[in-house]
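Spelled out, the chains give:
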Amino acid sequence: MSGGGGGGGVKKRGSAGSVGPEAEKMLAGAGAAGVRGEPGAAQENGCLAASPAAGEGVALKRTITLVNGVAIIVGTIIGSGIFVTPTGVLREAGSPGLALVVWAACGVFSIVGALCYAELGTTISKSGGDYAYVLEVYGPLPAFLKLWIELLIIRPSSQYIVAFVFATYLLKPLFPSCLVPDAAAKLVACLCVLVLTAVNCYSVKAATRVQDAFAAAKLAALALIIILGFVQLGKGDVENLNVNHSFEGTNLEVGKIVLAVYSGLFAYGGWNYLNFVTEEMINPYRNLPLAIIISLPIVTLVYVLTNLAYFTTLSVDEMLASEAVAVDFGNYHLGVMAWIIPVFVGLSCFGSVNGSLFTSSRLFFVGAREGHLPSLLSMIHPRLLTPLPSLIFTCIMTLMYAFSNDIFSVINFFSFFNWLCVALAIIGMMWLRYKKPELERPIKVNLSLPIFFILACIFLIVVSFWMTPKECGIGFTIILSGVPVYYIGVWWQNKPKWLLQLIYSTTVLCQKLMEVVPQES
């Protein structure tokens, strides 16, 4: 893997910065235009040309600071779950004591994985996260399948769910005595996605400022909950946290403990999202690992202390029966100011959607640059310097889930797939140490950490198939549906001339409508 282009550290495949063949050669069947198109080809014949200022090429600029990086990780991990339903761990653990142990253990586990990703992100300094690492180590087909599921299900569905929770909390004061109408919540959720897409299209700095502000807001809300918990703890008579009672009801069944761990790890999801925007970070060799080292301990400490605060006020039965734990906690302590908590829940969700849109668009941008998605998605607005087409595409895919009535069951099909891709990426890190020892590694973790993490991932994958074989089987089938798409769209080089002409004309038309140009190295 030789160094190259804006990705640094590794050679790019089908980079948007490369010069493509003449349009006539492309239409004669040279191969990779359109679904697998070379963006350079579209640039040369009738498409908008870049107008770089002061001799600079059009590319995504390095504008993400250390603070922005911390905000992306913290803001993406902390969504609605810790406010609304932190009971999944408690339900399976059976006792407050074991639940707190599981929350802490999941945090430590996430820190180990994030440290491994810090090494990966500084060794393969390309945006795209798991997709980029799987592509470099295992080749195009496994990477495409990862991209296929992220594009089709994981990213858009999770973004829509968080936007829907935001809408529900925003509208709840208008419907105090009944459920929020589904149609109204869906409409506001779609507006949330559209507004944040517009912000991200307008400016990278605007998007990161939104992320910074809302990450600070959710930390402030959780700090309020934690302070109230410590005040309650100081008053004494906290039965849940009494040493003699805190482990009463503990469930020691292996299956239950594993489910508790799964619930905890789901709440920590997003610890690897900064790796999706590595190429836009200022000094990533320093700031990527530093952002990870700062963020994950903060999130772990906040999660454990927040749950501790809940246990000072609410009994186990009250927590398990609650529809929104933080709201019930606020009603108990804040009186007429209890409305603060629902507002902060909404703000937390809004920030999470922003962070997910920001990183998802970069994933699809990199996928298109590598030739796995239409070349249009790898293009950039020359004045705004944002990946406009991939942001609009991410928005459209997310809005499509407004027509679905059972999103959660779809997500459950892929619980194993996330851990499989993470494990493959970290196995790839170890393989690179052996095969490419000459690569620069600004951070190098102790070998015991990736070995431990890989074994734990394998255990989680096996448990997923053991406990939910039907769901995993359906998920695996959907993953395999990407194989024919790969062979038709990516591998098939000699497409008919009429198809190449259609793809080319459509790309040029969309490029002119959006006023975007290919990236230049």
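Residues numbered from 1 in each chain as written. Predicted model: local features only at pLDDT ≥ 70, side-chain atom pairs only at ≥ 80, totals over all residues. Heavy atoms only, no water.

## Points about the overall build of the protein chain
No. 1: Helices and strands together make up the secondary structure of the protein chain, namely 22 helices and two strands.
No. 2: Counting the 521 residues in the protein chain, one finds 56% classified as buried.
No. 3: For the protein chain, contacts bridging at least 24 residues in sequence account for 82% of all contacts bridging at least 6.
No. 4: Carbon together with sulfur atoms contributes 68% to the accessible area of the protein chain, which is approximately 21100 Å² in total. (Helix = DSSP H or I, 4+ residues; strand = E, 2+ residues; numbered from the N terminus. Buried < 20%, exposed > 50% of the residue type's maximum accessible area, 1.4 Å probe, protein only. Contact = heavy atoms within 4.5 Å. Areas by Shrake-Rupley, 256 points an atom, 1.4 Å probe, with all protein chains shown as cover.)

## Thoughts on the pattern of salt bridges
No. 1: Counted under the stated rule, the structure contains eleven salt bridges.
No. 2: In this structure, E92 and K256 form a salt bridge, with 3.6 Å as the shortest nitrogen-oxygen distance. Note that E92 is positioned in helix α5 (residues 87-93) and K256 in helix α11 (residues 254-267), a separation of 164 residues in sequence.
No. 3: Accessibility expressed as a relative area gives 14% for E92, which makes it buried.
No. 4: Look at K256 and you get partly exposed, because its relative accessible area is 30%.
No. 5: Ionic pairing is found between R155 and E150, a salt bridge with its closest N-O pair at 3.1 Å. (Salt bridge = Lys/Arg side-chain N within 4 Å of Asp/Glu carboxyl O.)

## Topic: unusual backbone geometry
Leaving glycine out, the prevailing phi sign among residues is negative, and the prevailing peptide bond configuration is trans.
No. 1: For N283, which is not a glycine, the phi torsion comes out positive at approximately 50°.
No. 2: Within the secondary structure, N283 is located in the loop between α11 and α12 (284-313).
No. 3: In this model, E515 sits at a positive phi of 55°, which is unusual for a non-glycine residue.
No. 4: Mapped onto the elements of the fold, E515 is located in the loop between α22 (497-514) and β2 (517-518).

## Topic: empty space enclosed by the protein
No. 1: Summed over the entire model, instances satisfying the criterion amount to two cavities of 30 Å³ or more.
No. 2: Space inside the second largest cavity adds up to approximately 30 Å³.
No. 3: Lining the second largest cavity are I226, G229, F230, L233, L305, L308, A309 and T312.
No. 4: Put simply, the parts of the chain that give the lining of the second largest cavity at least two residues each are α10 (204-235) and α12. (1 Å grid on protein atoms, 1.4 Å probe; cavity = no way out; pocket = protein on both sides within 12 Å on 5 of 7 lines; lining within 4 Å. Points joined across faces, edges and corners; volume = space filled by probe spheres on them.)

## Quick word on the packing of aromatic side chains
No. 1: Scanning the entire structure with this criterion turns up 21 aromatic pairs.
No. 2: Look at W103 and Y303: their rings are 5.4 Å apart centre to centre, the planes differ by 80°, and that puts the pair in the edge-to-face class. With a gap of 200 residues between them, W103 in helix α6 (residues 96-123) and Y303 in helix α12 connect regions that are remote in the sequence. Each member of the pair W103 and Y303 is classed as buried.
No. 3: Between F109 and F453, the ring centres sit 4.4 Å apart and the planes meet at 15°, which makes this aromatic pair stacked. Here the residue F109 occupies a position in helix α6, and F453 occupies one in helix α19 (residues 448-467), the gap between them amounting to 344 residues. (Phe/Tyr/Trp six-rings, centres within 6.5 Å; stacked < 30°, edge-to-face > 60°.)

## Some words on the confidence of the model for the protein chain
No. 1: Here the protein chain averages 82 in pLDDT, and 87% of its residues register 70 or above.
No. 2: Ranking the elements of the protein chain by mean pLDDT puts helix α1 (residues 23-30) last, at 36, and helix α16 (residues 388-399) first, at 94.
No. 3: Counted against residues more than four places away or in other chains, residues 1-55, with its pLDDT under 50, gives 139 contacts. (pLDDT = per-residue confidence, 0-100.)

## With respect to the nonpolar core
No. 1: By size, the foremost hydrophobic cluster in this structure holds 125 residues, and its most contacted members are F83, I225, Y303, W419, I426 and F453.
No. 2: If you tally residues by element for this core, the top one is α6, at 13 residues.
No. 3: Among all residues touching W419, those that are not within four sequence positions of it are F109, Y262, L265, F453, C457, L460 and I461.
No. 4: In this structure, L135, F365, L373 and M397 belong to the second largest nonpolar core, which totals 20 residues. (Core = buried A, V, L, I, M, F, W, Y, C linked by side-chain atoms within 4.5 Å.)

## Here's the deal with the packing of helix α8 (residues 140-171) against α16
No. 1: Packing of α8 against α16 leaves a shortest axis separation of 8 Å and a crossing angle of 75°. With respect to α16, the axis of α8 lies roughly perpendicular. Taking contact as the criterion, the partners of L151, L152, P156, Q159 and Y160 in α8 are, on α16, F393, T394, M397 and T398.
No. 2: In terms of residue class, the contact of α8 with α16 is made up of six nonpolar, three polar and no charged. (Axes fitted to C-alpha atoms, helices over the stretch in contact; angles between N-to-C directions. Parallel < 35°, antiparallel > 145°, perpendicular 65-115°, else oblique. Nonpolar A, V, L, I, M, F, W, Y, C, P; charged D, E, K, R; others polar.)

## So, a negative patch on the surface
No. 1: On the surface, a cluster of negative charge is contributed by D317, E318, E323 and D328.
No. 2: Structurally, D317 is set in helix α13 (residues 316-321). (Patch = residues over 30% accessible without salt bridge, like charges linked within 9 Å, V, L, I, M, F, W, Y side chains within 5 Å. Lys, Arg positive; Asp, Glu negative; His and termini not counted. Charge placed at Lys NZ, Arg CZ, Asp CG, Glu CD.)

## Some words on helix α14 (residues 325-334)
No. 1: If you check which residues of α14 are buried, you get V325, A326, V327, F329, G330 and L334.
No. 2: Of the residues one or two after α14, G335 is the one with positive phi, at around 60°.

## A look at the packing of α6 against helix α18 (residues 415-435)
No. 1: Contact geometry for α6 and α18: axes closest at 10 Å, N-to-C directions at 50°. By the criterion of interaxial angle, the relationship of α6 to α18 is oblique. The two elements α6 and α18 meet at a crossing, and its hand is left-handed. Touching F109, C116, Y117, E119 and L120 of α6 are W419, C421, V422, A425, I426, M429 and R433, all from α18.
No. 2: Counted by class, the contact of α6 with α18 contains ten nonpolar, no polar and two charged residues. (Left-handed = near helix turned anticlockwise from the far one by under 90°.)

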